[in-house]
Amino acid sequence: MQGMDYEALFAATPSPYLVLGRDLVIVEVNQAYLEATGRTRQDLLGQRIFDAFPNNPDDSEADGVENLSASLNRVLASRAPDTMALQRYDIAVMGHPGSFEERWWSPINTPIIGQDGRVTWIIHRVEDVTAFVQAHNTWSGPGQHLTERDALEAELYGRARELQRLNEELRNAHTRERQVAVTLQEAMLQSPDLARHQDVAVRYLPAAGSLNVCGDWYDVVDLADGRFAVAVGDVVGHGLEAAAVMGMLRSALSAAIRALERPAQALEVLGLYARSLEGALNTTVVKAMVDPRSHLIIYSNAGHPPPVLVHPDGTCRLLDEAVDPPLGARPQHVPRPQAGQPYSPGDTLALYTDGLIERRDEDIDAGLARLTEALGRHRFLGPEHLADALLADLGLVRGAHDDIALVIVRL
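Thresholds applied
- Residues numbered from 1 in each chain as written.
- Predicted model: local features only at pLDDT ≥ 70, side-chain atom pairs only at ≥ 80, totals over all residues.
- Heavy atoms only, no water.
- Helix = DSSP H or I, 4+ residues; strand = E, 2+ residues; numbered from the N terminus.
- Buried < 20%, exposed > 50% of the residue type's maximum accessible area, 1.4 Å probe, protein only.
- Contact = heavy atoms within 4.5 Å.
- Areas by Shrake-Rupley, 256 points an atom, 1.4 Å probe, with all protein chains shown as cover.
- Core = buried A, V, L, I, M, F, W, Y, C linked by side-chain atoms within 4.5 Å.
- Expected span 1.5 Å × (residues − 1).
- Arc of directions from axis to C-beta.
- Pairing = 2+ DSSP bridges.
- Axes fitted to C-alpha atoms, helices over the stretch in contact; angles between N-to-C directions.
- Lys, Arg positive; Asp, Glu negative; His and termini not counted.
- Salt bridge = Lys/Arg side-chain N within 4 Å of Asp/Glu carboxyl O.
- Polar contact = N/O pair within 3.5 Å; in protein donor to acceptor, adjacent residues only side chain to side chain.
- Patch = residues over 30% accessible without salt bridge, like charges linked within 9 Å, V, L, I, M, F, W, Y side chains within 5 Å.
- Parallel < 35°, antiparallel > 145°, perpendicular 65-115°, else oblique.
- Left-handed = near helix turned anticlockwise from the far one by under 90°.
- Nonpolar A, V, L, I, M, F, W, Y, C, P; charged D, E, K, R; others polar.

If you look the chain up in an unreviewed UniProt entry, it shows as PP2C family protein-serine/threonine phosphatase from Streptomyces kaempferi.

Encoded structure:
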């Protein structure tokens, strides 16, 4: 709203707020927070939050720092708000060194996203519910008689704590499943032939903020006469099922290209196999064979974003002349197209999955333009540094809402 003084609005907000930087240093605080904690602005500004509010050293079960740290890191990774369970977090009494007082808080941590898509600040909002918790603890004492209102408050409080406990258990279970899926996926992405290619860099980033992983993959396969093949693919779905389907399709495509040495034929075989594999239909994949003798890239694409060929002068060409529907999209088997693209030594080939370029509420052409511009700008970097610079430029160092697989080949 034009003319509104947002600084004064923040200062006057009745709920306690403070603002943290990415390094968890306090950069701003409102009056309500100062009153709730008994601090001054000079006490807090410029302090790391856990230096300003450490755990009570006399409480062996104190876990306030651990729980708040986990929540803030979830916000940084997921770029989504995180509501914490009701939390005991004692704070030091100002003017009485070593003395802490019992405090109970209801915290919410909310990210502020910058133009680069990364979390710039975190708004930490709390409500001090110490008086309510302490009053609740007296309700169950001997000889206590609860009024109807007290009984209702006690029941709501108990149910809220139980719901928070169940939510935390569910979060932990999903986190364990995600860790298992990521470990399985990374194990299946091992490519023995990759070690022989110093001019090839690969990256795999699991989806940030998701409790499940997706089915993205990459592969590098050596063929006869110095030729080699690279591929990236994306299985529809999430979690362990998608990771398992990814592993089977990747292995089948690796075997097919070794036997047939033609990308189109390899994708035809993979498409037939996908029809017999639950969860494999509508998988997208692109396969490219590089022949250093003839300086030719031969490729075939099953519904996947097009590879990009980058020339030393910064111009980019999309390899989009052999595009067909995803695996199993047609009711009958049809031979897949294949195209050839000449290249010159020093060119760079980039293959990737859609998580690299797609953004919500944005046309895919905008993502492709952003990708080609970044590739052209960093074209003189080696493959490893180019891959890192590309992810940084696109704001994806910490991942995106979808998995990302990326292959950079210096030809």
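A. Summary view of the overall build of the chain. For the chain, the count of helices and strands is 11 helices and 19 strands. Looking at the chain as a whole, 44% of its 411 residues qualify as buried. Long-range pairs, those at least 24 residues apart, make up 61% of the contacts in the chain with a sequence separation of at least 6. Carbon and sulfur atoms form 53% of the exposed surface of the chain, whose accessible area is close to 20,200 Å².

B. Region of interest: the nonpolar core. Membership of the largest hydrophobic core comes to 50 residues, with the highest contact counts inside it found for Val230, Leu249, Ile297, Leu349 and Val407. Leaving out residues up to four positions away in the same chain, leucine 349 has contacts with Val230, Val290, Ile297, Pro307, Val308, Leu319, Val407, Ile408, Val409 and Leu411.

C. How the structure looks around helix H5 (residues 64-78). For H5, with 15 residues, the first-to-last C-alpha span of 21 Å sits near the 21 Å given by 1.5 Å per residue. Within H5, burial applies to Gly64, Leu68, Ser71, Leu72, Val75 and Leu76. Looking down the long axis of H5, one finds its buried residues gathered within 140 degrees of arc, a one-sided arrangement. Residues of H5 that are buried in the fold lie against strand E1 (17-21), helix H4 (49-52), strand E3 (82-83), strand E4 (87-88), strand E7 (104-113) and strand E8 (119-128).

D. View of the sheet that holds strand E14 (residues 308-310). Across the sheet, which stays open at both edges, the 5 strands sit in the order E9-E19-E18-E14-E15 with antiparallel pairing between neighbours. Both outer strands of the open sheet, strand E9 (200-205) and strand E15 (316-318), are each paired with one neighbouring strand and no more. Each strand of the sheet is rotated relative to its neighbour by a mean of 15 degrees, with strand direction disregarded. Here helix H10 (residues 364-377) sits on the sheet in contact with E14, E15, strand E18 (348-352) and strand E19 (404-410), set at roughly 30 degrees to E14. In the packing of helix H11 (residues 383-393) onto the sheet, the strands contacted are E9, E18 and E19, and the crossing angle to E9 comes to about 35 degrees.

E. View of the side chain of glutamate 268. Within the secondary structure, glutamate 268 is located in helix H9 (residues 263-274). Buried and unpaired, glutamate 268 has no salt bridge, with arginine 336 as the nearest side chain of opposite charge at 6.8 Å. Apart from the residues within four sequence positions on either side, glutamate 268 is in contact with His333, Pro335 and Arg336.

F. Local environment of H10. The first and last C-alpha atoms of H10 sit 20 Å apart over 14 residues, in line with the 20 Å expected at 1.5 Å per residue. For H10, the full list of buried residues reads Gly367, Leu368, Leu371, Ala374, Leu375 and Gly376. Residues of H10 that are buried sit in contact with E14, E15, E18, H11 and E19. Two or three places before aspartate 365, at the opening of H10, aspartate 363 has a side-chain oxygen 2.8 Å from that residue's backbone nitrogen.

G. How the structure looks around a nonpolar patch on the surface. There is a patch of nonpolar side chains on the surface, built from Met4, Tyr6 and Leu9 and spanning about 310 Å² of accessible area. Tracing the sequence through the fold places tyrosine 6 in helix H1 (residues 6-12).

H. Layout of the pairing of E18. A large share of E18 lies buried, amounting to 5 of its 5 residues. What you see with E18 is no split at all: Thr348, Ala350 and Tyr352 on one side and Leu349 and Leu351 on the other are buried throughout. Where E18 and E19 come together, 5 bridges link them in antiparallel fashion. Residue pairing for E19: alanine 350 is matched across the bridge by isoleucine 408.

I. Expanded view of the environment of tyrosine 352. Relative to the elements of secondary structure, tyrosine 352 occurs in strand E18. Remark: the alpha-carbon pair of tyrosine 352 and proline 306, spanning 46 residues in sequence, is separated by 8.3 Å. Here the side chain of tyrosine 352 touches proline 306 through a polar contact of 2.5 Å, landing on its backbone oxygen.

J. Just the packing of H10 against H11, in detail. Remark: H10 packs on H11, axes separated minimally by 10 Å, with the N-to-C direction vectors making an angle of 140 degrees. Taken together, the axes of H10 and H11 are oblique relative to one another. You can see that H10 and H11 cross each other, and the crossing is right-handed. Contacts between H10 and H11 pair Leu371, Ala374, Leu375 and Arg377 from the former with Leu386, Leu390 and Asp393 from the latter. Of the residues belonging to the contact of H10 with H11, the class tally is 5 nonpolar, no polar and 2 charged.

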